[in-house]
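Residues per chain are reported as follows:
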Amino acid sequence: MAQKSNIIKVEGLSKKYLLNKTLSAKSDTLFGTFLNGMKNLKSLTQKRETEEFWALQDVSFEINQGDRVGIIGRNGAGKSTLLKILSRITPPTSGRIELGGRVASLLEVGTGFHGDLSGRENIYLNGSILGMSKAEINKKFDEIIAFAEIDKFLDTPVKRYSSGMYVRLAFAVAAHLEPDILIVDEVLAVGDAAFQEKCLGKMKDVSGQGRTVLFVSHNMGSIQSLCDKAIVMNKGKLMFDGNVAEGMSYYLVNNNYQSGSLADRTDRQGNGKFKFTSLDFENSKGIFSDEI
């Protein structure tokens, strides 16, 4: 069996932000807002007091072509910052990345589309940004519209779309314009359950065609259903890189979602004739899930 080649290589990646500590907090009153504005104006003539915040710290990993990678971590772990750097939206403070193909990203509702352009125009705009010709986009156009199910609003400016409609079209564009690397953040949570299931199926199809998928979600069932590898982040640092089942277990144990093995519990009540030693939940498709 041929060995897979690297399509993403990250070495010593770090990202630092400077937080301004001199600006006054926002006020709920008009007078308070005026006073804060005067204070902030005065602070412009003074030396600003800043605080360093490292969103990423010395992160290194490699991803092979065709891998489906779940990026797991609590809020503030650095997941979104990592995806923005991989998507070339923001530069790193230090370190380097190597990407072996073109990237399509779906990170936040509102990014990637021009609000004043229609859905139709944004499809062609995004395709052009990915380096596709008009003829190539034309071949995929009908598939995109059929997947997004927004044909009635195709010529409406996307700023009038609901968040759900926006995500439908944005995902359809990102997944169908044949990127080598598809990056999807938690934005899919905006859609309904049926559409989320549809998106997971499409991402599996994309991976089956030899393309690479990076997927961020707090839904462990979705991670387990889609991904074959996992990266666990915590406070800007990479804590685990490997098999998805082991990665999920690492994350759950280290975030106090489970307090160890049930078999080892010593605080039980009852006569001890019957004991639970493990407990898992499985849905109708045979996929284990942490949500009921």
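A. Up close: the overall build of the protein. When you go through the protein residue by residue, the secondary structure sums to 8 helices and 9 strands. Taken over 292 residues, the protein has a buried fraction of 40%. In the protein, once contacts between residues fewer than 6 apart in sequence are set aside, the share between residues at least 24 apart is 71%.

B. Region of interest: the sheet that holds strand E1 (residues 6–20). In space, the 3 strands of this open sheet follow the order E2-E1-E4, with antiparallel pairing throughout. Two strands lie at the open edges of the sheet, namely strand E2 (50–64) and strand E4 (94–99), each paired on one side alone. Between one strand axis and the next, the sheet turns by 20 degrees as a mean value, whatever way the strands run. The pairing of E1 with E4 spans 5 bridges and is antiparallel. Its bridge partner lying in E4, serine 14 is registered against serine 94. In the packing of helix H2 (residues 79–86) onto the sheet, the strands contacted are E1, E2 and E4, and the crossing angle to E1 comes to about 120 degrees.

C. Examining the pairing of E1 more closely. Note that E1 and E2 share 11 bridges and pair antiparallel. Each bridged residue has a counterpart across the sheet, and for lysine 16 the counterpart in E2 is tryptophan 54.

D. Spotlight on the packing of aromatic side chains. Under the definition given, this model contains 7 aromatic pairs. A centroid spacing of 5.9 Å and a plane angle of 25 degrees characterise the contact between phenylalanine 240 and tyrosine 250, whose relative ring orientation is stacked. Of this pair, phenylalanine 240 sits in strand E9 (residues 237–243) while tyrosine 250 sits in helix H8 (residues 244–254), placing them 10 residues apart in sequence. Given a relative accessible area of 27%, tyrosine 250 falls into the partly exposed group. The structure contains a cluster of three or more aromatic residues connected by ring pairs, namely Phe147, Phe171 and Phe195. In this structure, lysine 198 is placed above the aromatic ring of phenylalanine 147, and the distance from its NZ or CZ to the ring centre is 4.6 Å.

E. Looking closely at the sheet that holds strand E7 (residues 212–216). Taken in spatial order, the 6 strands line up as E5-E6-E7-E3-E8-E9 in an open sheet, and their pairing is mixed. Each edge of the open sheet is held by one strand with a lone partner, namely strand E5 (103–106) and E9. Neighbouring strand axes in the sheet, compared pairwise and without regard to direction, differ in orientation by 15 degrees on average. Packed on one face of the sheet, helix H6 (residues 193–208) meets strand E3 (68–72), strand E6 (181–184) and E7 and runs near 150 degrees to E7.

Analysis parameters
- Residues numbered from 1 in each chain as written.
- Predicted model: local features only at pLDDT ≥ 70, side-chain atom pairs only at ≥ 80, totals over all residues.
- Heavy atoms only, no water.
- Helix = DSSP H or I, 4+ residues; strand = E, 2+ residues; numbered from the N terminus.
- Buried < 20%, exposed > 50% of the residue type's maximum accessible area, 1.4 Å probe, protein only.
- Contact = heavy atoms within 4.5 Å.
- Pairing = 2+ DSSP bridges.
- Axes fitted to C-alpha atoms, helices over the stretch in contact; angles between N-to-C directions.
- Phe/Tyr/Trp six-rings, centres within 6.5 Å; stacked < 30°, edge-to-face > 60°.
- Lys NZ or Arg CZ within 6 Å of the ring centre and 35° of its normal.

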